[in-house]
Amino acid sequence: MGLNRFWIAAQAGFAGFTNGDIGPAILGYAQVGFSTPKNNRLMLTLPFRQHPATEPHTNLAGSGQTDFLGFRLEFEITFGKSGWGLTTGGAGALYASANEASPATIPLYVTHTSN
């Protein structure tokens, strides 16, 4: 939903897995953002994944079901009217069960937007 230079976005879905040890999951995200007149953007995204009908367990091999609520705070700067830009920020987990509890990461992306 656009509110002039501000926006709110959300998405939710359902995932099933062929591995019988992993139960179905509800997943998605919520996002708020702000865009400057020069198309620089500040975004906060909260991705989530929950397995509502299964008991949590830890898989030491590094795979398996994981319930989490994450965060991603990003800033995108656009260079003039070329559409090219850089996005950076920080990401991590506010809550995670099983083995995906990891330290925060600092992503850096090169972006291009065409009109």
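Residues numbered from 1 in each chain as written. Predicted model: local features only at pLDDT ≥ 70, side-chain atom pairs only at ≥ 80, totals over all residues. Heavy atoms only, no water.

Caption draft 1: Just the side chain of Ser-35, in detail. With respect to the helices and strands, Ser-35 occurs in strand E3 (residues 25-35). Ser-35 gets classed as buried once you look at its relative accessible area, which sits at 12%. Setting aside chain neighbours within four positions, we find Ser-35 in contact with Arg-5, Trp-7, Asn-40 and Arg-41. (Helix = DSSP H or I, 4+ residues; strand = E, 2+ residues; numbered from the N terminus. Buried < 20%, exposed > 50% of the residue type's maximum accessible area, 1.4 Å probe, protein only. Contact = heavy atoms within 4.5 Å.)

Caption draft 2: Structural detail: the packing of aromatic side chains. Taken as a whole and assessed by the stated rule, the structure comprises one aromatic pair. Here the aromatic rings of Phe-6 and Phe-34 are separated by 4.9 Å at their centres, their planes lie at 50°, and the arrangement is tilted. Here Phe-6 is found in strand E2 (residues 6-15), whereas its partner Phe-34 is found in strand E3, with 28 residues between them in sequence. Overall, Phe-34 belongs to the partly exposed group, its relative accessible area being 24%. (Phe/Tyr/Trp six-rings, centres within 6.5 Å; stacked < 30°, edge-to-face > 60°.)

Caption draft 3: Layout of the pairing of strand E5 (residues 68-78). Bridge count between strand E4 (residues 41-50) and E5: seven bridges; the pairing is antiparallel. Within the sheet, the bridge partner assigned to Phe-48 lies in E5 and is Leu-69. Counted along the chain from E5 to the antiparallel partner strand E6 (residues 84-96), the turn is five residues long, and its residue Gly-80 has a positive phi close to 60°. (Pairing = 2+ DSSP bridges.)

Caption draft 4: Focus on the pattern of salt bridges. Inspection of the entire model under this criterion finds two salt bridges. Residue Glu-76 pairs with Arg-41 through a salt bridge whose shortest N-O separation is 2.6 Å. Of this pair, Glu-76 sits in strand E5 while Arg-41 sits in strand E4, placing them 35 residues apart in sequence. Ionic pairing is found between Arg-72 and Glu-74, a salt bridge with its closest N-O pair at 3.5 Å. (Salt bridge = Lys/Arg side-chain N within 4 Å of Asp/Glu carboxyl O.)

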